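Summary of the model geometry
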Amino acid sequence: MRIVESFFVKSAVEPADYPASAYPEFAFAGRSNVGKSTLINLLTGRKSLAKTSGTPGKTRLLNFFLIRWKHDANDETGFMQFTDFPGYGFAEIGLAEQEKWRKMINKYLEQRPQLRGILVLVDIRHPADKKDILMLEMLRLRQIEHCVIATKADKVPKAKIVAQINQLRKGLNCGDIPIYPVSALNNVGMEQLMDWTYKFMII
Ligand SMILES: Nc1nc2c(ncn2[C@@H]2O[C@H](COP(=O)(O)OP(=O)(O)OP(=O)(O)O)[C@@H](O)[C@H]2O)c(=O)[nH]1
Ligand SMILES: [Mg+2]
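If you're wondering where the values come from, they're calculated on a predicted model, not measured in any experiment.

Cut-offs used in this document
- Residues numbered from 1 in each chain as written.
- Chains lettered and ligands numbered in written order.
- Predicted model: local features only at pLDDT ≥ 70, side-chain atom pairs only at ≥ 80, totals over all residues.
- Helix = DSSP H or I, 4+ residues; strand = E, 2+ residues; numbered from the N terminus.
- Expected span 1.5 Å × (residues − 1).
- Pairing = 2+ DSSP bridges.
- Buried ≥ 20, exposed ≤ 12 C-beta atoms within 10 Å, placed from the backbone.
- Axes fitted to C-alpha atoms, helices over the stretch in contact; angles between N-to-C directions.
- Contact = placed C-beta atoms within 7 Å.

1. Quick word on helix H4 (residues 161-172)
- For H4, spanning 12 residues, the distance from its first C-alpha to its last is 16 Å, which sits close to the expected 16 Å at 1.5 Å a residue.
- Following H4 by one or two positions, Asn173 has its phi on the positive side, about 55 degrees.

2. Here's the deal with the pairing of strand S3 (residues 62-71)
- Bridging between strand S1 (residues 2-12) and S3 involves nine bridges; their strand directions are antiparallel. In the sheet register, Glu5 faces S3, and the bridge partner there is Arg68.

3. Considerations on the environment of Lys100
- By the element assignment, Lys100 lies in helix H2 (residues 95-110).
- Accessibility expressed as a C-beta count within 10 Å gives 15 for Lys100, which makes it partly exposed.
- Measuring from C-alpha to C-alpha, the distance between Lys100 and Arg60 comes to 9.3 Å, with 40 residues separating the pair along the chain.

4. Regarding the sheet that holds strand S4 (residues 76-84)
- Taken together, the seven strands give an open sheet; going across it, the order is S1-S3-S4-S2-S5-S6-S7, and neighbouring strands pair in mixed fashion. The open sheet is flanked by S1 and strand S7 (179-181), the only strands paired with a single partner. Recorded for the sheet is a direction-independent mean angle of 25 degrees between the axes of neighbouring strands.
- Both strand S5 (residues 115-123) and strand S6 (residues 146-151) contribute to a ladder of six bridges, which runs parallel. Note that in S6 the partner of Val122 across the bridge is Ala150.
- Those strands touched by helix H5 (residues 190-201) are strand S2 (25-30), S4, S5, S6 and S7, and its axis lies near 160 degrees from that of S5.

5. Some thoughts on the environment of Gly171
- Take Gly171: it is sitting in helix H4.
- Since 15 C-beta atoms lie within 10 Å of it, Gly171 is described here as partly exposed.
- Taking C-alpha positions, Gly171 is 8.1 Å from Ile133, a pair spaced 38 residues apart along the chain.
- Setting aside chain neighbours within four positions, we find Gly171 in contact with Pro127 and Ala128.

6. Some thoughts on the environment of Lys47
- Structurally, the position occupied by Lys47 is in the loop between helix H1 (36-44) and S3.
- Taking the C-alpha atoms as reference points, Lys47 and Ser37, separated by 10 residues in sequence, lie 10.0 Å from one another.

Next comes the structure, spelled out in structure tokens:
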């Protein structure tokens, strides 16, 4: 599958403000600065569709994107939507702000029936983080399809990637959920995660 066109639709906090379109939707979650917006830009081939920044914790809203895709093999085309979550785990965010985030995400998970899956991004260099473990546990409990994307693979020597993924799998306690190493810098690993998305889109 490849993405042929993409548009920013809107930002929202409350379900009443989400875009009404019911296309299959996939959300990108993960700690602040892990590379969610960068990944969306790379997948869509648009340099600044999703705002990226060196300053973590900038995005506080859900950002919705409309994506037109095409499946190379059979010329099938269609629409899906991406949602860029604000990052979690940003140390300087106060408790009140964290609570806002939690409410916003819970509402989204509960009131977005077209949600087909969540891509949970973690930094390949870091050991499993408590916030990521909690996020994965919540998705498991809610029975929402998900996979793990290990970002910034360019920062780890190639020979160490498999070991790093194995360690993450143990630490994240995520069973046989797929973990895909990716590098936005080197454009590595995109096909696998598009295949994963496609699998849950056509159901
Ligand atoms: N080396 C390398 N840097 C990356 C990669 N992906 C993202 N980055 C960098 O990581 C920083 C944060 O990326 P963002 O995409 O803004 O991160 P985010 O997860 O959207 O962050 P928040 O919106 O704050 O939650 C930027 O400086 C990116 O250039 C990657 O694969 N490799
Ligand atoms: Mg972002």
